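Descriptive structure summary
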Amino acid sequence: MENKILILDFGSQVTQLIARRVRELNIYCEIHPYNSKKYNFDDYKAVILSGSPHSVRGENPPKIDLSAVKGKKPLLGICYGAQYLAHFYDGEVGSSNTREYGRANLSYVNTESPLFKNIAIGSQVWMSHSDTILSLPKNYKCIASTHDVKNAAYEIEGEQTYAIQFHPEVYHSTDGKQLLENFLVHIAGVSQEWTSDNFVDSTVAGIKEKVGNDKVVLGLSGGVDSTVAAVLLQKAIGDNLYCIFVNNGLLRKNEYSSVLKQYEGMGLNVKGVDATQQFYDELAGLSDPEAKRKAIGKVFIEVFDQEANLIEGVKWLAQGTIYPDVIESISVDGGPSATIKSHHNVGGLPDFMKLKIIEPLRMIFKDEVRRAGASMGIDAKLLGRHPFPGPGLAIRILGDITPEKVAMLQEVDAIFINGLRDHGLYDKVWQAGAILLPVQSVGVMGDERTYEKAVALRAVESTDGMTADWVNLPYEFLQKVSNDIINKVKGVNRVVYDISSKPPATIEWE
Ligand code: XMP
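Below is a short write-up of the structure. (Residues numbered from 1 in each chain as written. Predicted model: local features only at pLDDT ≥ 70, side-chain atom pairs only at ≥ 80, totals over all residues. Heavy atoms only, no water.)

1. Points about the packing of aromatic side chains
This model, assessed by the stated rule, comprises 16 aromatic pairs. Between Y84 and F88 the ring centres are 4.7 Å apart and the planes differ by 55 degrees, which places this aromatic pair in the tilted class. Classification of Y84 as buried rests on a relative accessible area of 2%. Look at Y323 and F365: their rings are 5.4 Å apart centre to centre, the planes differ by 70 degrees, and that puts the pair in the edge-to-face class. Of this pair, Y323 sits in helix α9 (residues 323-326) while F365 sits in the loop between β18 (356-358) and α10 (366-375), and the two are 42 residues apart along the sequence. Taken together through their ring pairs, the aromatic side chains of F10, Y34, Y80, Y84 and F88 make up a single cluster. Just above the ring of Y426 sits the side chain of R421; from NZ or CZ to the centre is 3.8 Å. (Phe/Tyr/Trp six-rings, centres within 6.5 Å; stacked < 30°, edge-to-face > 60°. Buried < 20%, exposed > 50% of the residue type's maximum accessible area, 1.4 Å probe, protein only. Helix = DSSP H or I, 4+ residues; strand = E, 2+ residues; numbered from the N terminus. Lys NZ or Arg CZ within 6 Å of the ring centre and 35° of its normal.)

See below:
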């Protein structure tokens, strides 16, 4: 049994947050759908049951055989997990009379319970449930309540089983991290040794063992994930790692040359391939966003395939895939469904896709990728870069793409992004960029009437890009940036700021 935790997912929206909180405690954990065949209880030191959109009283509630765990290993039920361990063991769960969503405060805490060590009455917790535990089975002891929820937490005598109705994983539960630490460290006795340094050491050792003296090819994008993956691989196999950085002509102003230089400075074995013209040729005349994405994907594969073929005897393709891309999600009917996207037509696979795949970041979250990068000495500026879409500026130029439009947008984008940096705002924003609109409007410059392009600026805050809100940038800043853009970028006479949230809008305009 290794020093790791199993989180069984019953389909809650916030299961990934449980994993992130556990990892923040320097404890390694894995998420698996409750009905997956890929986990074995023997491999884990403790088990956490997640919440769920289902009700234990529903027609077909997700069920699982816990005989190898309950009473045998430390077990924590959260929300649905708590109701589950009550309902299916002779307790009673019913629908709640009062609304139990949002903030609540603990009105009773059994301070003798190890689960509530250092957590006091009054502590804020986050509730989100429509069922409630009306009565507890024999041997179960209530250890916390709120004003509306009597059985907000319980423990089972003679077992290391604990359960809580509220969600310790969300930030609004102010002592949530302490509670998880109490369970994992003090009750389950798990040691906190999952650190960035350990991750780097064990991953490098793992790559060495797996890859040996083989050659590996990796596509660098300039983003955080592919860069950290490359540095890890380079530490393990040195120049047997062949990196390819493709210029699609749709990057930010000067990005190709500056990032390439930075990669070379980091000692990476990297080859820059300027395929700008190929991308522009394929994009010529295309206006539909999906058609543009397809064209870019097609050329990228052609270019990458050609380059990979030049590396004699290459056996592996490395990718910067991270954990959220590989966690299996629960589909509505309760069955597990892989979220992994690309389904390629087998006969027609490009050559590089026939390589064996290595994904050194596939078990870690974005914040852990950044920390691993920092512990390997990667420049903080590079690690803090905003996300940038693969199709680049092509999906920020509405309508067809021409080299002139790209050049114009690059100028606008550079003024905006440099402005954010100069005003200390860059790191407060999750992602920012400029959009070239297919709109011309009338303006006046000097005594001249102009009829030129309008651009939109977009800056959002988000944690994962799934939801986002526009950033309330200071008016003085917007005023300065707008002035600079109109004065310095020929062909633009109007700047607007996008104040839409996602949903219903998206971050990109296409
Ligand atoms: P949306 O526009 O869907 O964007 O709200 C969410 C996040 O995904 C990025 N994005 C893409 N990234 N290829 C990518 O690699 C794409 O086609 C693409 N479309 C959107 C977007 O920049 C944001 O970070």
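2. Focus: the sheet that holds strand β4 (residues 75-78)
Taken together, the nine strands give an open sheet; going across it, the order is β2-β1-β3-β4-β11-β10-β9-β6-β7, and neighbouring strands pair in mixed fashion. The open sheet has two free edges, formed respectively by β2 (28-33) and β7 (124-128), since each of these has just one partner strand. The mean inter-strand angle of the sheet, taken between neighbouring strand axes irrespective of direction, is 25 degrees. Direction of pairing for strand β1 (residues 4-9) relative to β2: parallel, over a ladder of six bridges. From the neighbouring strand, D9 faces β2, where its bridge partner is P33. (Pairing = 2+ DSSP bridges. Axes fitted to C-alpha atoms, helices over the stretch in contact; angles between N-to-C directions.)

3. Considering the layout of surface pockets
Of the voids in this model, the second largest pocket is the one considered here, and its volume is about 450 Å³. If you go around the second largest pocket, you meet 19 residues; those closest to its centre are R252, E255, S258, R385 and R421. Those elements giving two or more residues to the lining of the second largest pocket turn out to be α6 (255-265), α11 (380-383) and α12 (403-422). Top element by residues in the lining of the second largest pocket is α12. It accounts for five residues. (1 Å grid on protein atoms, 1.4 Å probe; cavity = no way out; pocket = protein on both sides within 12 Å on 5 of 7 lines; lining within 4 Å. Points joined across faces, edges and corners; volume = space filled by probe spheres on them.)

4. Side note on the site of the ligand
The local shell around the ligand consists of R293, P389, G390, P391, I395, W430, Q431, G465, K502, T506, I507 and E508. Here Q431 contributes a side-chain N or O atom positioned 2.7 Å from an oxygen atom of the ligand. I507 places a polar main-chain atom, nitrogen or oxygen, 2.7 Å from an oxygen atom of the ligand. Starting from 490 Å² of accessible surface for the ligand in isolation, the protein chains cover 68%. Considering only residue class, the shell around the ligand consists of five nonpolar, four polar and three charged. (Near = heavy atom within 4 Å. Polar contact = N/O pair within 3.5 Å; in protein donor to acceptor, adjacent residues only side chain to side chain. Areas by Shrake-Rupley, 256 points an atom, 1.4 Å probe, with all protein chains shown as cover. Nonpolar A, V, L, I, M, F, W, Y, C, P; charged D, E, K, R; others polar.)

5. Focus: the state of the cysteines
For the coordinates displayed, the defined rule picks out zero disulfides. Of the cysteine sulfurs around C79, a residue in no disulfide, the closest is that of C142, at 16 Å. (Disulfide = S-S within 2.5 Å.)

6. A few points about the sheet that holds strand β12 (residues 215-220)
If you trace the five strands from one edge of the open sheet to the other, you get β14-β13-β12-β15-β18, paired in parallel fashion. Edge positions in the sheet fall to β14 (270-274) and β18, since each of these pairs with one other strand and no more. Between one strand and the next, the sheet's axes are offset by a mean angle of 30 degrees, whatever the strand orientation. Here five bridges tie strand β13 (residues 241-247) to β14, and the two strands are oriented parallel to one another. The residue bridging F245 from the neighbouring strand is G272, located in β14. The sheet strands contacting helix α4 (residues 196-211) are β12, β15 (314-318) and β18, and the helix crosses β18 at an angle near 170 degrees. Across the sheet, helix α5 (residues 224-237) touches β12, β13, β15 and β18, and the angle it forms with β12 is around 160 degrees. (Contact = heavy atoms within 4.5 Å.)

7. Examining helix α8 (residues 289-309)
Note: α-helices contain 3.6 residues per turn, so residues at a spacing of three or four share the same orientation. With 21 residues, α8 extends 30 Å between its outermost C-alpha atoms, agreeing within 8% with the 30 Å of an ideal straight helix rising 1.5 Å per residue. Along α8, the residues classified as buried are K292, A295, I296, V299, V303, F304, D305, E307 and A308. For α8, the secondary structure elements touched by its buried residues are β12, β13, β14, α7 (276-283) and β15. (Expected span 1.5 Å × (residues − 1).)

8. Here's the deal with the packing of α7 against α8
Viewed as axis vectors pointing N to C, α7 and α8 meet at an angle of 145 degrees, and their least axial separation amounts to 9 Å. Crossing of α7 against α8: the hand is right-handed. For the pair α7 and α8, contact is made by Q278, F279, E282 and L283 and by K292, A295, I296, K298, V299, F300 and V303, respectively. Looking at side-chain class alone, the contact of α7 with α8 contains seven nonpolar, one polar and three charged residues. (Left-handed = near helix turned anticlockwise from the far one by under 90°.)

9. Remarks on the nonpolar core
Among the nonpolar cores identified, the biggest contains 51 residues, and V217, F416, L420, L457, L473 and I485 are the most heavily contacted of them. Looking at which element gives the most residues to this core, the answer is α12, with eight residues. Leave out the neighbours within four places in its chain, and L457 touches V412, F416, G433, A434, V481, I485, V495, V496, Y497 and D498. Residues I48, I119, V149 and I187 belong to the second largest nonpolar core, which totals 42 residues. (Core = buried A, V, L, I, M, F, W, Y, C linked by side-chain atoms within 4.5 Å.)

10. Notes on unusual backbone geometry
Residue P503 is reached from K502 by a cis peptide bond, and omega for that bond is -15 degrees. The topology assignment puts P503 in the segment after β22 (492-497). In this structure, P504 follows P503 across a cis peptide bond, with omega equal to 5 degrees. Within the secondary structure, P504 is located in the segment after β22. Here N26, not a glycine, exhibits a phi torsion of approximately 65 degrees, which is positive. Inspection of the secondary structure puts N26 in the loop between α1 (15-24) and β2.

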